[in-house]
Amino acid sequence: MAPYHIRKYQERDRPRVLDLFSKGMEEHAPTTFRHILKLPTLALLLGVPLALFLASGSWLLVFIASLALLTALRFFSKYPWVQFKVLCLRSDLSDITKSYLGEPGSCFWVAEAAGQVVGMVGVLPAAERPLRREQLQLFHLCVASECRGQGVAKALLRTVLQFARDQGYSQVVLHTTMLQRSAVALYQRMGFQKTGQFFSSLNWRLFAILSCVFVYPLPSAQASQAQGQAGGPDPVPCALVPGGLALPW
């Protein structure tokens, strides 16, 4: 992979960003399907073809029923991700510049390598008004499949954390699902703490897919300033990378 750098989103990035997001959503469907196949409740559903065989004695009917069941499960494993993709494309991703670059305290970055966008992430102040100056929420962290394992996601996360410090936020918050195991592992290695879990919809509850809340606590601006005046070390050392963004290492 060619060397990459992190920079702010530009309108010319829009086609590649939307393509990256869409492909990322599509990748979740097979994982969801495999998760559904391992559920104990699936044994009850498999009883339907068996009951048909006992009632009719026809293996053909059993085959058709089993095929219909698997087709239905595959559809339901895709549906929530398609629904989420459509929702995002109609809301915040419909106008990325307006959604993420239109007000202070929000931003959207891309990782670029050899002139190609290979990663992305966005942040917005918390939706709840009392928390808008305290919590920064992370959205759409995504890296192209061929560029994973190269530190791109870490660099994007470090960019977010540095931005949150500079803006005076006390927490960075994100939501993900238990199925995104590599993402969960990355967040935990980076210092995010799991603070809660919930079923985000009836579909997720039906298939036992939990959404998880992760929080990265940041020192207050006053505490950081006091530490600096006391001559103490910075809480996170920084280096300047191409594109002019300070990243904590």
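Residues numbered from 1 in each chain as written. Predicted model: local features only at pLDDT ≥ 70, side-chain atom pairs only at ≥ 80, totals over all residues. Heavy atoms only, no water.

Participant: Can you help me understand the overall build of the protein in this one?
Facilitator: Assigned secondary structure in the protein consists of eight helices and nine strands. Considering the protein as a whole, with its 249 residues, one finds that 41% of them fall into the buried category. For the protein, long-range pairs separated by at least 24 residues make up 66% of all intrachain contacts whose partners lie at least 6 apart in sequence. Working note: accessible area of the protein is about 13,600 Å², and carbon and sulfur atoms make up 60% of it. (Helix = DSSP H or I, 4+ residues; strand = E, 2+ residues; numbered from the N terminus. Buried < 20%, exposed > 50% of the residue type's maximum accessible area, 1.4 Å probe, protein only. Contact = heavy atoms within 4.5 Å. Areas by Shrake-Rupley, 256 points an atom, 1.4 Å probe, with all protein chains shown as cover.)

Participant: Would you mind going over the nonpolar core with me for this structure?
Facilitator: Across soluble globular proteins, nonpolar side chains have a tendency to be buried as a group. Counting residues in hydrophobic clusters, the biggest one holds 60 residues, and the most contacted among them are Phe108, Trp109, Val172 and Phe192. Residue contributions to this core peak at nine residues, all from helix H5 (residues 152-167). The residues touching Phe192, leaving out its near neighbours within four places in the chain, are Leu157, Leu161, Val172, Leu174, Tyr187, Phe214, Val215 and Tyr216. (Core = buried A, V, L, I, M, F, W, Y, C linked by side-chain atoms within 4.5 Å.)

Participant: Explain unusual backbone geometry to me, please; I cannot follow it from the model alone.
Facilitator: Peptide bonds are mostly trans, and most non-glycine residues show a negative phi. For Ala114, which is not glycine, the phi dihedral falls at a positive 55°. If you trace the backbone, Ala114 turns up in the loop between strand E2 (107-113) and strand E3 (116-125). On the basis of relative accessibility, which here comes to 69%, the residue Ala114 falls in the exposed class. Phi angles above zero are rare outside glycine, and Ala208 is one such case at about 55°.

Participant: Honestly, the sheet that holds strand E6 (residues 193-198) in this entry has me stumped. Any pointers?
Facilitator: Through backbone hydrogen bonds, the strands of a sheet pair up, either in parallel or in antiparallel fashion. Ordered by their spatial adjacency, seven strands build an open sheet running E1-E2-E3-E4-E5-E7-E6, and the pairing between neighbours is mixed. Strand pairing shows two members of the sheet lacking a second neighbour, strand E1 (4-8) and E6, which therefore form its edges. The sheet shows a mean angle of 25° between the axes of neighbouring strands, taken without regard to direction. For E6 and strand E7 (residues 211-217), the ladder comprises five bridges, and the chain directions are antiparallel. (Pairing = 2+ DSSP bridges. Axes fitted to C-alpha atoms, helices over the stretch in contact; angles between N-to-C directions.)

Participant: Help me understand the pattern of salt bridges in this model?
Facilitator: Should the charged atoms of two oppositely charged side chains come close, the side chains can pair. Using the criterion set out here, one finds six salt bridges in the structure. A salt bridge links Arg16 to Asp19; the nearest nitrogen and oxygen atoms lie 3.3 Å apart. Placement of the pair is Arg16 and Asp19 together in helix H1 (residues 14-37), with a separation of three residues, close to one helical turn. Residues participating in the shared-partner salt-bridge network are Arg16, Asp19, Lys23 and Glu146. (Salt bridge = Lys/Arg side-chain N within 4 Å of Asp/Glu carboxyl O.)

Participant: Would you mind going over the packing of aromatic side chains with me for this structure?
Facilitator: What describes a pair of aromatic rings is the distance from one ring centre to the other and the angle between the planes of the rings. Following the criterion strictly, the structure yields 11 aromatic pairs and no others. Ring centres 5.1 Å apart and planes at 65° place the aromatic pair Tyr100 and Phe108 in the edge-to-face group. Pair check on accessibility: Tyr100 and Phe108 agree, each one buried. Of the aromatic side chains, those joined through ring pairs into one cluster are Phe75, Phe76, Tyr79 and Phe207. (Phe/Tyr/Trp six-rings, centres within 6.5 Å; stacked < 30°, edge-to-face > 60°.)

Participant: Please clarify how the environment of Pro80 should be interpreted in this entry.
Facilitator: With respect to the helices, strands and loops of the structure, Pro80 is situated in helix H3 (residues 59-90). As for Pro80 and Ser201, which are separated by 121 residues in sequence, their C-alpha atoms are 9.0 Å apart. Setting aside residues up to four positions removed in sequence, Pro80 forms contacts with Asn203 and Trp204.

Participant: Help me out: how do you make sense of H5 in this one?
Facilitator: Taking 1.5 Å as the rise per residue, H5 with 16 residues should run 22 Å; its terminal C-alpha atoms sit 23 Å apart, in good agreement. The element H5 is extensively covered by neighbouring structure, given that 12 of its 16 residues are classed as buried. Taken together, the buried positions of H5 are occupied by Val152, Ala153, Ala155, Leu156, Leu157, Arg158, Thr159, Val160, Leu161, Gln162, Phe163 and Ala164. Where H5 ends, the next residue or the one after it, Gly168, has phi of about 85°, a positive value. (Expected span 1.5 Å × (residues − 1).)

Participant: How should I be thinking about the side chain of His35 in this particular structure?
Facilitator: For His35, the location among the structural elements is in helix H1. The buried category is assigned to His35, whose relative accessible area is 12%. A distance of 2.9 Å separates the side chain of His35 from the backbone oxygen of Phe207, its partner in a polar contact. In contact with His35, not counting residues within four places along its chain, are Met178, Leu179, Phe207, Ala208 and Ile209. (Polar contact = N/O pair within 3.5 Å; in protein donor to acceptor, adjacent residues only side chain to side chain.)

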